[in-house]
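Reading the structure
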Amino acid sequence: MGSTGTVLRELRGAQKSAKGVSLYSRYVNRPAGRVLAAGAYRAGMTPNQVTLTSALFTYGAVASVALVEPSWTLAVLVWAALAVGFAFDSADGQLARLTGRGGPDGEWLDHVVDCGKLLLVHTAVLISFYRFGELPSQAWLLLPLGFQLAAVVTFCAGLLREHLGKAAASALGPSWAAAPAPVSQVRAVALLPADYGVFCLVFLLLGAPGAFRAGYAVLAVVHTLFLAAFLAKWFRELKALRAG
């Protein structure tokens, strides 16, 4: 087992492409995940154990949002647990690529944890609004449901785009494979509002319910707009593959 520095260097060489990745994921979450992956490697953890560790932090934070009255202390703890859980979510894939121990079971587990996270985090906000929020109107209870819909559809549609696109490209043969597109810094900035790590930051406002509601509402609108743009883009791309 190599030194931590050696493991980190190997992990840097086993990174996914930065194409289509926001600045937060590229410069904050992936590097943090790399450090956690190196620690997990030296501790002898498997990628699936890292995925479950991610779930422990994330689901613990989500349960706290639903069960504990909002405060500034809760805000910091929830954000920290969500951010660490997100970093472990990056670490499991990095560890799998480093060790060659990844497989369909690990990918399945990772997606199940991610899907559960998106469903539960907005459910927790809804419960918190109902239990602790002095809402200007009961209509605010619909906001987490709408945000949840946008988040889950984006996640599922993105997965389907990836898998259907790979299958279609494979059927068309190697000649259809496109040259790797350059990484766009402008796109990386534009994707920031849709990044889960940026979404986690809104929980730092839990100590001020009105500010939290406003920040959460703004992100809900932004994610809905991104969903519309993503769906149109992915549909065009899959249609082009069919035509090819």
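Sequence order as written defines residue numbering, which begins from 1 separately in each chain. Totals for whole chains, interfaces and linings use every residue, but because this is a predicted model, local features are given only for residues with pLDDT of at least 70 and side-chain atom pairs only at 80 or more, for both listing and counting. For side-chain calculations, the full set of non-hydrogen atoms in the structure is used, while hydrogens and water are omitted.

**Some points on the overall build of the protein**
Think of it this way: any DSSP run of H or I at least four residues long counts as a helix, any run of E at least two long counts as a strand, and we number them from the N terminus. Helices and strands together make up the secondary structure of the protein, namely nine helices and zero strands. Reading the protein from its N end, one meets helices and strands in the order α-α-α-α-α-α-α-α-α. Summed over all atoms, the accessible surface of the protein reaches about 12,700 Å², with 68% contributed by carbon and sulfur. The Shrake-Rupley method, run with a 1.4 Å probe, gives the accessible areas here. Residue values count only the displayed protein chains as cover.

**Let's talk about the packing of aromatic side chains**
Each aromatic pair joins two rings of Phe, Tyr and Trp (for Trp, the six-membered one) with centres within 6.5 Å, and gets the label stacked for planes under 30 degrees apart, edge-to-face for over 60, and tilted for any other angle. Taken as a whole and judged by the stated rule, the model has 13 aromatic pairs. For the pair Phe57 and Phe88, a centre-to-centre distance of 5.8 Å together with 20 degrees between the ring planes defines the contact as stacked. Of this pair, Phe57 sits in helix α3 (residues 47–67) while Phe88 is found in helix α4 (residues 72–99), placing the two residues 31 residues apart along the sequence. By relative accessible area, which is 33% here, Phe57 ends up partly exposed. Residues Phe147 and Phe199 carry aromatic rings whose centres are separated by 5.5 Å and whose planes lie at 75 degrees to one another, so their mutual orientation is edge-to-face. Type-normalised accessible area, obtained with a 1.4 Å probe on protein chains alone, sets the label of each residue: buried when under 20%, exposed when over 50%, and partly exposed for intermediate values.

**Quick notes on the side chain of Ser25**
Position of Ser25 relative to the elements: it lies in helix α2 (residues 23–42). Every residue in contact with Ser25, bar those within four places of it in the chain, is listed here: Arg30, Pro31, Phe86 and Asp195. What makes two residues a contact is simply this: any of their non-hydrogen atoms within 4.5 Å.

**Observations regarding α2**
Working rule for helices: expected span equals 1.5 Å times residues minus one. Taking 1.5 Å per residue, 20 residues should reach 28 Å; α2 reaches 28 Å between its end C-alpha atoms and fits that length. At every residue, the bend is computed as the angle between two fitted axes, covering the seven residues ending there and the seven beginning there respectively. Along its length, α2 shows its largest kink, about 35 degrees, at Asn29, and proline Pro31 lies within four residues downstream of that point. Tyr24, Ser25, Arg26, Asn29, Arg30, Gly33, Arg34, Ala37, Ala38 and Ala40 are the residues of α2 that are buried. Just downstream of α2 lies Gly44, where phi reads positive at about 80 degrees.

**Considerations on the environment of Pro47**
Along the chain, Pro47 falls in helix α3. The class for Pro47 is buried, based on a relative accessible area of 9%.

**Some remarks on the state of the cysteines**
Any two cysteine sulfur atoms within 2.5 Å of one another count as a disulfide. This structure, assessed with the given rule, holds zero disulfides. Sulfur of Cys115: no disulfide; nearest cysteine sulfur belongs to Cys156 and is 5.0 Å away.

**Re the confidence of the model for the protein**
pLDDT expresses how confident the predictor is about each individual residue, on a scale running from 0 to 100. Confidence in the prediction for the protein averages 88 pLDDT; 85% of positions are at 70 or higher. Confidence, expressed as mean pLDDT per element, reaches its minimum in the protein at helix α1 (residues 4–12) with 65 and its maximum at α3 with 97.

**Remarks on the pattern of salt bridges**
The salt bridge criterion pairs a side-chain nitrogen of Lys or Arg with a carboxyl oxygen of Asp or Glu, the two atoms within 4 Å. Under the definition given, this model contains five salt bridges. A salt bridge links Asp89 to Lys117; its shortest N-O distance comes to 3.8 Å. In this pair, Asp89 sits in helix α4 while Lys117 sits in helix α5 (residues 104–132), placing the two residues 28 residues apart along the sequence. You'll find Asp89 and Lys117 in the same group, each marked buried. The closest approach of N and O atoms between Glu237 and Arg161, which form a salt bridge, is 2.7 Å. Of this pair, Glu237 sits in helix α9 (residues 209–243) while Arg161 sits in helix α6 (residues 142–172), and the two are 76 residues apart along the sequence. On the basis of relative accessibility, which here comes to 25%, the residue Glu237 falls in the partly exposed class. Taken together, the salt bridges that share partners define one network made up of Asp89, Asp114 and Lys117.

**With respect to the nonpolar core**
To define a nonpolar core, start from buried Ala, Val, Leu, Ile, Met, Phe, Trp, Tyr and Cys residues and group those joined through side-chain atoms within 4.5 Å. Core analysis: the biggest nonpolar cluster contains 28 residues, and Val78, Leu82, Phe199, Phe203, Leu206 and Phe212 have the highest contact counts within it. Sorting elements by how many residues they give to this core places α4 first, with six residues. Contacts of Val78, omitting those with residues within four sequence positions, involve Ala61, Ser64, Val65, Phe203 and Leu206. One finds Ala37, Val50, Phe88 and Leu95 within the second-largest nonpolar core, a separate group that totals six residues.

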